[in-house]
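Chain and residue survey
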Amino acid sequence: MAIPSAPHKRCRSSGQLQPQPPLLPGLPDHLASLCLCHVPPRLLFSVCRSWRRLLYSPSVPPFLSLYALLSDADDSSGSALAGFSSYDPFSASWSPLPPPPSDVLRRILLRHPSFLARHLPVQTVSASGHLVLLSATAHPLRPALPRALAFHPATRRWRPAPPLSAPRRWCAAGSVGGAVYVASGIGAHYSQGVARCAERWDPMATTAGWERVAPLKDGRFSREAAHAVGFKGKLYMVNVWGKAAKEGIVYDVESDAWEDMPRGLLEGWNGPTASMEEREIYTIDEGTGSMRVYDCERDRWMDVIESEALKGAVQMAAGGGRVCVVCEGGDEIAVVDVAANKMWKVEPPQGNRVVSVHVLPRMSSSADPDFVF
């Protein structure tokens, strides 16, 4: 792709256009940008303004950012969704995403008047560089979304996904191999067919719809929302949160078959769980605040870090060597560098609480014609 020439700025005193200094002295900018693409993003951001502009240009692969679904902290009922925002880790700033179409967020309930202590989940999944809003609950306890919505950061656009076989909520949702998977759940009323149904959709296949995969053996995964975690070509999920007795199953993508979850993996799955590029699985014990990584060869969990801030963790996502955790109450996001064994916190935009987070490539500053999906 052609690299645009260096931008110009207008001189305040004379009104003349002045060229920006070169990215690297002695090299044309199109060659300098090829060299600087290999420089760590943090250095590009901190050295000078011209390098910082390059970091946010289409010439450099987009760095990873946080994406959060936010609720209104001032809403007494705790049911008002504020929208989606993206956090730039270098400028330490939040930017709102364009709102989804059809004013869908206004229909979603986080609390129900009849179940004040019950949190109603909003299920979001990241797959193939997209943020997918999959399922939620509307009044009176019905599916809020007639079909999923997918956001593409490079184009800053939402688009509707193909319709599922039946709208649903309280399903198992996750991704593996770039495809989104939805399993079980309930619609306006319980249905054995929906409770056993499993489907997948590839956000990069613009013409393909949802594809049925092997059904679950029963409807036990329609009890509440479940996070399905992709790991080495398989999808792992449990049907109950916390330390209560639970059932775990695994979907093998290659064989299109469901199998039992390894015992050690199931027993240690006691809180929010996420995978790092589908190579490692991390979980948090909600009671102790311990983050652990799964050792598949020994079928056991290994401690990574323990912190009071991780107790009562709500949800988590992983990417780029970091695990991002929504802390209890949604007032903070704890970010753990698993290699350096360090943790720091990110606060949501003022007046908001975090419902869920994902790690995706940064959002473009505007929709560039070269990046139309």
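Just so it is clear, the structure is predicted and the values come from calculations on it, not from any experiment.

1. What about the overall build of the protein chain?
Assigned secondary structure in the protein chain consists of five helices and 28 strands. Accessible surface, the protein chain as shown: approximately 17,900 Å² in total, 52% of it carbon and sulfur.

2. Considering the pattern of salt bridges
As enumerated under the stated definition, the model contains 17 salt bridges in all. Close ionic contact of R292 with D285 constitutes a salt bridge, the shortest N to O distance being 3.7 Å. Salt-bridge contacts for E308 lead to K311; the nearest nitrogen and oxygen are separated by 3.1 Å. E308 sits in the exposed class, given a relative accessible area of 60%. Among the residues examined, K311 registers a relative accessible area of 30% and is labelled partly exposed. Among the ionic contacts, a cluster of salt bridges with common partners joins K217, D218, R220 and E247.

3. Examining the pairing of strand β20 (residues 273-276)
Going residue by residue along β20, you find T273 and S275 tucked away on one face and A274 and M276 tucked away on the opposite face as well. Sheet topology note: the β20/strand β21 (residues 280-285) ladder contains four bridges and is antiparallel. Residue pairing across strands places S275 opposite I281, the latter belonging to β21. Between the end of β20 and the start of β21, which pair antiparallel, lie three residues, with E277 showing a positive phi angle near 50°.

4. A short note on the environment of F84
Mapped onto the elements, F84 comes out in strand β4 (residues 81-88). By relative accessible area, F84 is classed as buried at 5%. Taking the C-alpha atoms as reference points, F84 and P98, 14 residues apart in sequence, are found 7.9 Å from one another. Non-local contacts of F84, meaning those with residues more than four positions away in its chain, are made with A68, L69, P96, L97, P100, L105, T124, L131, L133 and W158.

5. Comments concerning empty space enclosed by the protein
Tallied over the full model, the rule gives one cavity of 30 Å³ or more. Taken as a whole, the largest cavity spans an internal volume of roughly 60 Å³. Of the residues contributing to the lining of the largest cavity, the split by class is six nonpolar, three polar and no charged.

6. Points about the environment of E286
Residue placement: E286 occurs in the loop between β21 and β22 (290-295). Excluding residues that lie within four positions of it along the chain, E286 makes contacts with W241, G242, N270, G271, P272, K311, G312 and A313.

7. Some remarks on the packing of aromatic side chains
According to the stated counting rule, one finds eleven aromatic pairs in the structure shown. With centroids separated by 5.4 Å and ring planes inclined at 50°, the aromatic side chains of F84 and W158 adopt a geometry described as tilted. Residue F84 is found in strand β4, and its partner W158 is found in strand β11 (residues 157-160); the two are separated by 74 residues along the sequence. As far as the burial class goes, F84 and W158 line up, both buried. Ring geometry for W201 versus W210: centroids 5.9 Å apart, planes at 40°, classification tilted. Pair check on accessibility: W201 and W210 agree, each one buried. Site record: aromatic cluster; members linked through ring pairs are F45, Y56, F63 and F90.

Criteria and cut-off values
The numbers attached to residues start from 1 for each chain and follow its sequence in the written order. Reporting in this predicted model follows two pLDDT cut-offs: at least 70 for local features of residues, and 80 or more for side-chain atom pairs to be given and counted; totals over whole chains, interfaces and linings ignore these cut-offs and use all residues. Note that the side-chain values use all heavy atoms of the structure and ignore hydrogens as well as water. The way it works is that DSSP assigns letters per residue, a run of H or I at least four long becomes a helix, a run of E at least two long becomes a strand, and they are numbered from the N terminus. Working definition of accessibility: Shrake-Rupley area with a 1.4 Å probe, residue cover restricted to the visible protein chains. Salt-bridge detection follows one rule: a side-chain nitrogen of Lys or Arg within 4 Å of a carboxyl oxygen of Asp or Glu. Three exposure classes are used, based on accessible area relative to the maximum for each residue type with a 1.4 Å probe and protein chains only: buried under 20%, partly exposed in between, and exposed over 50%. Two strands qualify as a pair provided that DSSP identifies no fewer than 2 bridges between them. Any two residues whose heavy atoms approach within 4.5 Å at even a single point are treated as in contact. Method remark: on a 1 Å grid restricted to protein atoms, a set of points is classed as a cavity if a 1.4 Å probe fits but cannot get out and as a pocket if it is open with protein on both sides within 12 Å along at least five of seven lines; lining residues have an atom within 4 Å of a point. Grid points are joined across faces, edges and corners, and a volume is the space filled by probe spheres set on the points. Polarity classes work like this: nonpolar for Ala, Val, Leu, Ile, Met, Phe, Trp, Tyr, Cys and Pro, charged for Asp, Glu, Lys and Arg, and polar for all others, with Gly in that last group. Under the pairing criterion, centres of Phe, Tyr and Trp rings, with the six-membered ring standing for Trp, must be within 6.5 Å; the plane angle then separates stacked pairs below 30 degrees from edge-to-face pairs above 60, leaving the rest tilted.

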